[in-house]
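# Observations on the three-dimensional arrangement
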2 protein chains.
Amino acid sequence: MRTRPLKVALLGCGVVGSEVARIMTTHADDLTARIGAPVELAGVAVRRPDRVRVGIDPALITTDATALVKRGDIDVVVEVIGGIEPARTLITTAFEHGASVVSANKALLAQDGAALHKAAEDHGEDLYYEAAVAGAIPLIRPLRESLAGDKVNRVLGIVNGTTNFILDKMDSSGAGYQEALDEATALGYAEADPTADVEGFDAAAKAAILAGIAFHTRVRLDDVYREGMTEVTAADFASARQMGCTIKLLAICERAADGESVTARVHPAMIPLSHPLASVREAYNAVFVESEAAGRLMFYGPGAGGAPTASAVLGDLVAVCRNKLNGSNGPGESAYTRLPVSPMGEVVTRYHISLDVADKPGVLAQVATVFAEHGVSIDTVRQSGKDGEASLVVVTHRASDASLTGTVEALRKLDTVRGVASIMRVEGE
Amino acid sequence: MRTRPLKVALLGCGVVGSEVARIMTTHADDLTARIGAPVELAGVAVRRPDRVRVGIDPALITTDATALVKRGDIDVVVEVIGGIEPARTLITTAFEHGASVVSANKALLAQDGAALHKAAEDHGEDLYYEAAVAGAIPLIRPLRESLAGDKVNRVLGIVNGTTNFILDKMDSSGAGYQEALDEATALGYAEADPTADVEGFDAAAKAAILAGIAFHTRVRLDDVYREGMTEVTAADFASARQMGCTIKLLAICERAADGESVTARVHPAMIPLSHPLASVREAYNAVFVESEAAGRLMFYGPGAGGAPTASAVLGDLVAVCRNKLNGSNGPGESAYTRLPVSPMGEVVTRYHISLDVADKPGVLAQVATVFAEHGVSIDTVRQSGKDGEASLVVVTHRASDASLTGTVEALRKLDTVRGVASIMRVEGE
């Protein structure tokens, strides 16, 4: 066994970084045995050097992250700062100075994954980022290694714990969105500014990463259709229950039926209670992967939090250190299929539409005609009325999003349709 | 990209082998792109050369597996024969002749994993076997790579599809064991001789492999406590339901509370309906992994079948081929903790015991005294009686298996205890 330790620079020492440092210290012997050489924390770059950091030698703390990654003796840089800059420049600098990188940075990878992979390859370094998607759940490695001999057709998952916590609360307690969000904030599941979570930006970044790996093509954040879950109401949950469904914020990556393109999207959707994703509670994450040979696989676990994310970071750290010792590299970017990403209009799925309509004869016939004219086939209709007002709930068969959009636009123009109360996709069947 | 193809020898061309060959042919371009070089089926060793094998060049077929692995130009041997011999000798011979090995052979790995890993290492070759446990479900790779920086404390899973199918039938239809087995056989879920499945041998082999990887120690098949599920009755399911439980055949690998030893066992057990494993239906497999930092992870999917198992084999094939091209090796055996495997008597869990007792005053006091004398604390007791006979159902708090065994022996000696109708462990809480 080699005795010169592998040197690790840690960029960021917040919730995740401090756990990484802690485990590197407390489990040093295990890491040494598993890597085949000792691994040493050589420096920790932070923004606030005065903060007390239990268990970390103060001599390792620096505010100069750039100098740390440029030191020249660093073997692996662990980047848990998040955000685009300075993370991007630091990672690139690390490659230039002979370090491989383990990152948990979903936003950066979803935006600049291709360029970062190229920089890693140009310098013969590794770029690993299991922690960027679904925290501790092994997902990147299974997709890019275990299923490397298979053909993935679909990835369907709950990849944001904050929104799953909120939706689960709404479902189980009948609470409205704001009330559930307040509870999530009070319990630390939602940040003070929850926009990235509730508007689906976080999930969309993960969808971009997953789609790229699953389909061996490039998918950027901008390619991902995104709808947040702030407009999901208690009434939507009631409608979902009537259909034997619940509502989840899903990230869905699909290969088109003809195999010539892919789609990636994030939006709230109804899924049957019998679907395994329906029973994913609280802030847990779970991802379904459907592939040609393996069939349906599901991966479930804590999608966030310091220790779970640190577990994923450290798994990558062991792999990258082993590669360093072997003088080899792990799998780089695999984008050889060059499949284009189709716009949302080409996505084909089912829809649940609630309409407020006039309570008089002939309304259903009018509405049904509009659906037919747009080529959207109706599966079921439920009509209920009181006091001259009525509501009409239509569930469609599979149709393209463009057809559905056209249908809804036409419905809004009907005199007898007072309003479109909600439109929600139905998935997981 | 290198143009000389990597040569693969396929040993066995049954349900799994024929799928491996099919996918290697139909997805050749994908495999080439993912590996970085073409991969070529160089020979297929079979027992019955006359059988028609669609899509496989007859010139590749041979009955001489030994000559095939000795050819000297083979880069990777895929062993899907199963059983101990000739598989063991063929794998060892493959290493000696410069080939890495991908195997789906759980029985062999559970018995001789250490020696095979050593042979691979001695010759600088890889030994991969994702397909040996839980078919298509990525489990070996996540455990030995993704969680390489974490500390696994428990693996709890349904790793045999046949028995899960039978138990699921018994649960959902109220059928007895034999009736459910007959249905499983008719549908092809059980083999003509179901012994390996229903007596737990198959699951025990998988438990040995999982425990060894999870705890970085050596666990052999003989170390695994094993109880089959042939004696589970409809009455047991009724009892389970009264407790809000169902019954599953579980493989359970645990680190002792003091961290100084491990246990591995396979037996039927009651688990709460709220536990995610309770809802694993039909022939699906699912494995829970509890680790220090990552928390609770679950992996779910088809645990057997030609295509799913082939998916796992091909994922390994891609990894092994990439290592060959890199001149590197994947992770070998990791058994550095040398943790001993404790006997079943030291396992600590909860128990559900059904006793047939005389219906007269004082019986409960007698029974409770026996439990107390053996240090087994009672959680709940349910008494029901008719016609001078009564039954007593006792659910204990956590106790060692040795204490429970002592308790049951003493109970059998009581005049008032007519018989011990069933003893079942309660897990997953």
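Residues numbered from 1 in each chain as written. Chains lettered and ligands numbered in written order. Predicted model: local features only at pLDDT ≥ 70, side-chain atom pairs only at ≥ 80, totals over all residues. Heavy atoms only, no water.

Going by an unreviewed UniProt entry, chain A carries the name Homoserine dehydrogenase and comes from Streptomyces indicus. For the record of chain A, the UniProt heading Function (unreviewed entry) holds the text "Catalyzes the conversion of L-aspartate-beta-semialdehyde (L-Asa) to L-homoserine (L-Hse), the third step in the biosynthesis of threonine and methionine from aspartate." As its UniProt record puts it under Sequence similarities (unreviewed entry), chain A is described as follows: "Belongs to the homoserine dehydrogenase family." (UniProt positions renumbered as here; feature names shortened; annotations may be inferred.)

## Let's talk about the packing of aromatic side chains
All names here are of chain A. This model, assessed by the stated rule, comprises five aromatic pairs over all chains. Taking the centre distance of 5.1 Å and the plane angle of 5° together, the rings of Y284 and Y300 count as stacked. Residue Y284 is located in strand β11 (residues 284-291), and its partner Y300 is located in strand β12 (residues 295-302); the two are separated by 16 residues in the primary sequence. Classification of Y300 by relative accessible area gives buried; the value is 12%. (Phe/Tyr/Trp six-rings, centres within 6.5 Å; stacked < 30°, edge-to-face > 60°. Helix = DSSP H or I, 4+ residues; strand = E, 2+ residues; numbered from the N terminus. Buried < 20%, exposed > 50% of the residue type's maximum accessible area, 1.4 Å probe, protein only.)

## A word on the sheet that holds strand β5 (residues 100-103) of chain B
Residue and element names in this part refer to chain B. Taken together, six strands build an open sheet; the order of strands is β3-β2-β1-β4-β5-β6 and the sheet is parallel. Every other strand in the sheet has two partners, leaving β3 (61-62) and β6 (127-128) as the edge strands with one partner each. Pairing between β5 and β6: two bridges, direction parallel. Opposite V101, over in β6, you have L127 as the bridge partner. (Pairing = 2+ DSSP bridges.)

## So, the UniProt feature "active site" (unreviewed entry) in chain A
Residue and element names in this part refer to chain A. This chain's UniProt record puts "active site" (unreviewed entry) on K206. Here K206 lies in helix α10 (residues 201-215). Other than its neighbours up to four places away in sequence, K206 contacts K106, A132, V133, A134, V159 and N160. (Contact = heavy atoms within 4.5 Å.)

## Overview of the relation of the copies chain B and chain A
Here chain B sits on chain A after a turn of 180° about the axis and a move of 0.0 Å along it, with an RMSD of 0.0 Å. One copy is carried onto the other by what is essentially a two-fold rotation axis. When each C-alpha of chain B is compared by its distance to the rotation axis, F299(B) comes out closest, at 2.4 Å. Both copies present the same face, since 100% of the interface residues in chain B are matched by interface residues at the equivalent positions in chain A. (Least-squares fit on C-alpha atoms with pLDDT ≥ 70 in both.)

## Observations regarding the nonpolar core
Formed by 162 residues in total, the largest nonpolar core has its most connected members in V77(A), I166(A), I209(A), V77(B), I166(B) and I209(B). Discounting residues that sit within four places of it in the chain, V77(A) has contacts with A9(A), L11(A), V69(A), A94(A), A99(A), S100(A), V101(A) and V102(A). (Core = buried A, V, L, I, M, F, W, Y, C linked by side-chain atoms within 4.5 Å.)

## Considering the interface of chain B and chain A
In this assembly, 44 residues from chain B lie in contact with 44 residues from chain A. Between chain B and chain A lies a buried interface of about 3,800 Å² when both sides are counted; carbon and sulfur atoms form 55% of it. Seen at the junction of chain B and chain A, the total is two salt bridges. Among the ionic pairs, E145(A) bridges to R141(B), the shortest N-O distance being 3.7 Å. At the boundary of chain B and chain A, one finds 22 residue pairs in polar contact (both at pLDDT 80 or more). Counting residues per element, the ones that place at least two in the side of chain B that touches chain A are α2 (28-35), α6 (140-146), β12 (295-302) and α12 (306-326) of chain B. (Buried area = accessible area lost by both parts, 1.4 Å probe. Salt bridge = Lys/Arg side-chain N within 4 Å of Asp/Glu carboxyl O. Polar contact = N/O pair within 3.5 Å; in protein donor to acceptor, adjacent residues only side chain to side chain.)

## Overview of α10(A)
Residue and element names in this part refer to chain A. With 15 residues, α10 extends 21 Å between its outermost C-alpha atoms, agreeing within 8% with the 21 Å of an ideal straight helix rising 1.5 Å per residue. Of all 15 residues making up α10, 14 are buried, and the element is well covered by its neighbours. Residue H216 follows α10 closely and has a positive phi angle near 55°. (Expected span 1.5 Å × (residues − 1).)

## So, the sheet that holds strand β2 (residues 39-45) of chain A
Residues and elements named next belong to chain A. Spatial ordering of the open sheet is given by β3-β2-β1-β4-β5-β6, a layout of six strands whose pairing is parallel. Every interior strand has two partners, whereas the edge strands, β3 (61-62) and β6 (127-128), have only one. Pairing geometry for strand β1 (residues 6-11) and strand β4 (residues 76-79), over four bridges, is parallel. Within the sheet, the bridge partner assigned to L11 lies in β4 and is E79.

## Re the UniProt feature "binding site: L-homoserine" (unreviewed entry) in chain A
With numbering aligned to this structure, UniProt lists the feature "binding site: L-homoserine" (unreviewed entry) at E191(A). The residue E191(A) is located in the loop between α8 (177-186) and α9 (195-198) in this model.

## Digging into helix α7 (residues 161-173) of chain B
For an α-helix, the turn length of 3.6 residues means that residues three or four places apart are oriented alike. Residues and elements named next belong to chain B. In a regular helix each residue adds 1.5 Å, so 13 residues correspond to 18 Å; α7 covers 18 Å between its end C-alpha atoms and thus fits that length. Where the residues of α7 are buried, they touch β7 (152-158), α8 (177-186), α9 (195-198), α11 (234-242), β9 (245-255) and β11 (284-291). Taking the backbone nitrogen of T162 as reference, a side-chain oxygen 3.2 Å away marks N160 as the first, capping residue of α7. Of the residues flanking the end of α7, it is G174, one or two places downstream, whose phi is positive at about 75°.

## Looking at the domain arrangement of chain A
Residues and elements named next belong to chain A. What the domain assignment reports for chain A is domain 1 (6-135 + 306-326), domain 2 (140-301) and domain 3 (344-426). At the interface, 18 residues of domain 1 touch 16 residues of domain 2. A buried area of about 1,300 Å², summed over both sides, lies between domain 1 and domain 2, and 60% of it is on carbon and sulfur atoms. At the surface where domain 1 touches domain 2, the tally comes to two salt bridges. Secondary structure elements with two or more residues in the side of domain 1 that touches domain 2: α5 (106-122), β6 and α12 (306-326). At eight residues, α5 tops the list of elements feeding residues into the side of domain 1 that touches domain 2. Counted by class, the side of domain 1 that touches domain 2 contains eleven nonpolar, three polar and four charged residues. (Domains from an automatic or database assignment. Nonpolar A, V, L, I, M, F, W, Y, C, P; charged D, E, K, R; others polar.)

## Observations regarding the packing of helix α2 (residues 28-35) of chain A against α12(A)
All names here are of chain A. As a packed pair, α2 and α12 sit with axes 9 Å apart at the nearest point and diverge in direction by 45°. Our classification of the angle between α2 and α12 gives oblique. Of the two elements, α2 crosses α12, and the hand of that crossing is right-handed. Counting all contacts with α2, which are made through L31, R34 and I35, the residues of α12 involved are L314, V318, C321, R322 and L325. Taken together, the residues of the contact of α2 with α12 sort by class into six nonpolar, no polar and two charged. (Axes fitted to C-alpha atoms, helices over the stretch in contact; angles between N-to-C directions. Parallel < 35°, antiparallel > 145°, perpendicular 65-115°, else oblique. Left-handed = near helix turned anticlockwise from the far one by under 90°.)

## A short note on the environment of G149(A)
Within the element layout of this structure, G149(A) appears in the loop between α6 (140-146) and β7 (152-158). Sequence separation between G149(A) and A294(A) is 145 residues; the distance between their C-alpha atoms is 9.9 Å. Non-local contacts of G149(A), meaning those with residues more than four positions away in its chain, are made with I23(B), L31(B), R34(B), L314(B), G315(B) and V318(B).

## Focus on the pattern of salt bridges
Tallied over the full model, the rule gives 54 salt bridges over all chains. When the shortest N-O distance is used, the salt bridge between D401(A) and R425(A) registers 3.0 Å. One end of the pair, D401(A), is in helix α14 (residues 401-413); the other, R425(A), is in strand β17 (residues 417-426), and 24 residues separate them in sequence. Note on accessibility: D401(A) and R425(A) belong to one class, buried. Across the pair R88(B) and D112(B) runs a salt bridge whose closest N-O atoms are separated by 2.4 Å. Here R88(B) is found in helix α4 (residues 87-96), whereas its partner D112(B) is found in helix α5 (residues 106-122), with 24 residues between them in sequence. Exposure remark for R88(B): the relative accessible area of 28% places this residue in the partly exposed category. Salt bridges linked by common partners bring R141(A), E145(A), D316(A), R141(B), E145(B) and D316(B) together as one network.

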